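Here's the letter readout for the chains.
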Amino acid sequence: MNHAESLAQYQAFKQQGLKLDMSRGKPAPEQLDLSLPLLDAVDGYKAADGTDTRNYGGAVGLPEARALFAEILDLPAAQVVVDGNSSLALMHDSIVFGLLYGVPGGSKPWGQQGQITFLCPVPGYDRHFAICEALGIKMINIPMSDAGPDMDLVEQLVKDDASIKGMWCVPKYSNPGGVVYSDEVVARLAAMQTAAPDFRIIWDDAYRVHHLSTEHVLVANLVDACAKAGNADRALVFASTSKITLAGAGLAALASSPANIAAWTRAVSTRTIGSDKVNQLRHVRFLKNKAGVEALMEKHRLILKPKFDVVLEQFEALLGGIEGVSWTYPKGGYFIDLLTPAGKARRTVELAKEAGITLTPAGAAFPYGKDPQDRHIRIAPSFPSLPEIKEAARGISLALRVAIGE
Ligand code: PLP
């Protein structure tokens, strides 16, 4: 197809008057339906230890909810807190607590140490970067490979610069690149020397059980690796059931060293008398255990996989062989990262929008919204129906062909 033909097909596509929002990786209604039994899962309100879940209390979560996440995260329940419905909120609060009160091992709150910095593997999750931007934390881009962040660069930066207090990591099926951190990367993150004694890795395990293939990829346990390397307090692990049960009414968890959990518990007790234990109890009744979670995730996979496949088929048919164009084949998670020739991502998103397809803004996967090469487009196939997603992938491909030809 030459430029004139691409343009003609793009114009015809536009005439359809399609309206599709693919800007966020939201579960589709039929995925949310899988957890409808959750709404009736509680046949009483007493937790296993006799706690009346209707009342105040329990800021670290019900014992059985902590045990459920402990099994999923492969850590002791005593090192897990279940709180609220959003892991992003827990990440936000952990960083705010670091700024206000400091973290174990630090001499002063982060907020009293001048300008502090976080390392940001890119492309990454826009909402992580939004937290840093809102809180005045400087960000440094770290390039990613198929095995995780560029560890030579990370080690070199953290060794000499005590203002680097944190690093964002999505270790499995990363948003948006689908990257899985290798055992070597995990070991190096755990063992590296940091100039800051109060350095933290924000280990956002958002897609831990969100497989797209039947191969269940494993990532090494960072909390264990840090403890073994003598850096027990380095890792803060986050997870939630947002894309397991109900995205707006799930459970979120934080797991870490005993010292970090104690510091969290102290700090959080000033902001809540306890979170929604009724929701925790019904989640435990519904999900039961890790096997229950895995069985439910297989049902999600069967809904999601065809949507990813249809996008990949369209890309192969319409974009295959074009110089500078490539895309990821994720084994899990919620995204495909579409790479355009340099300088073409923004324009492609613009052309897609004119054709009725709203995508995540180009650049959103980078700190300050700036993709230095303007190459990455985050594709979120989960929410639209299968026929819609096929059309959308065709429209995006045509938009990219037109952008390249301009
Ligand atoms: N972390 C990552 C990497 C995500 O992609 C998302 C949602 O898309 C979240 C966290 C949000 O998690 P939660 O719903 O638990 O706040």
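Residues numbered from 1 in each chain as written. Predicted model: local features only at pLDDT ≥ 70, side-chain atom pairs only at ≥ 80, totals over all residues. Heavy atoms only, no water.

S.K.: Just checking my understanding: could you explain the site of the ligand for this structure?
M.R.: Taken together, Ser86, Ser87, Leu88, Tyr125, Val170, Asn175, Asp204, Ala206, Tyr207, Ser240, Ser242 and Lys243 make up the full set of residues near the ligand. The contact in question runs from an oxygen atom of the ligand to an N or O atom on the side chain of Ser87, over 2.6 Å. Take Leu88: an N or O atom from its main chain is 3.0 Å from an oxygen atom of the ligand. Considered on its own, the ligand offers 400 Å² of accessible surface; in the complex 88% of this is hidden by protein. Classifying every residue of the shell around the ligand by side-chain character gives five nonpolar, five polar and two charged. (Near = heavy atom within 4 Å. Polar contact = N/O pair within 3.5 Å; in protein donor to acceptor, adjacent residues only side chain to side chain. Areas by Shrake-Rupley, 256 points an atom, 1.4 Å probe, with all protein chains shown as cover. Nonpolar A, V, L, I, M, F, W, Y, C, P; charged D, E, K, R; others polar.)

S.K.: Please explain the pairing of strand β8 (residues 235–240) as it appears in this structure.
M.R.: Regular strands place their side chains on alternate faces of the sheet. Burial within β8 is extensive, with six of its six residues counted as buried. Residue alternation in β8 divides its side chains into two sets, Ala235, Val237 and Ala239 and Leu236, Phe238 and Ser240, and both sets are buried. Both strand β7 (residues 200–204) and β8 contribute to a ladder of four bridges, which runs parallel. Following the sheet pairing, Ile201 is matched in β8 by Ala235. Crossover handedness for the path β7 to helix α8 (residues 222–228) to β8: right-handed. Bridging between β8 and strand β9 (residues 252–255) involves four bridges; their strand directions are antiparallel. (Buried < 20%, exposed > 50% of the residue type's maximum accessible area, 1.4 Å probe, protein only. Helix = DSSP H or I, 4+ residues; strand = E, 2+ residues; numbered from the N terminus. Pairing = 2+ DSSP bridges. Right-handed = clockwise from strand over helix to strand, strands pointing away.)

S.K.: Hey, could you run me through the nonpolar core in this one?
M.R.: Core analysis: the biggest nonpolar cluster contains 92 residues, and Leu189, Trp203, Leu338 and Ile379 have the highest contact counts within it. Considering every element that reaches this core, the biggest residue donor is helix α11 (residues 290–319), with 10 residues. Formed jointly, this core draws a minimum of three residues from each of two domains, domain 1 (3–25 + 294–405) and domain 2 (44–288). Discounting chain neighbours no more than four positions away, the residues touching Trp203 are Cys169, Pro171, Tyr181, Val186, Leu189, Val219, Ala220, Leu222, Leu236, Val237 and Phe238. Counting 31 residues, the second-largest nonpolar core is a separate cluster that includes Val60, Trp110, Ala252 and Ile261. (Core = buried A, V, L, I, M, F, W, Y, C linked by side-chain atoms within 4.5 Å. Domains from an automatic or database assignment. Contact = heavy atoms within 4.5 Å.)

S.K.: What exactly am I supposed to notice about the packing of aromatic side chains here?
M.R.: Within the structure shown, the criterion is met by eight aromatic pairs. An aromatic cluster of at least three residues, connected via ring pairs, comprises Phe97, Tyr101 and Trp264. Across from the ring centre of Phe383, 4.9 Å away, lies the NZ or CZ of Lys26, which sits over that ring. Sitting over the ring of Tyr45, Arg54 keeps its end group 3.5 Å from the ring centre. (Phe/Tyr/Trp six-rings, centres within 6.5 Å; stacked < 30°, edge-to-face > 60°. Lys NZ or Arg CZ within 6 Å of the ring centre and 35° of its normal.)

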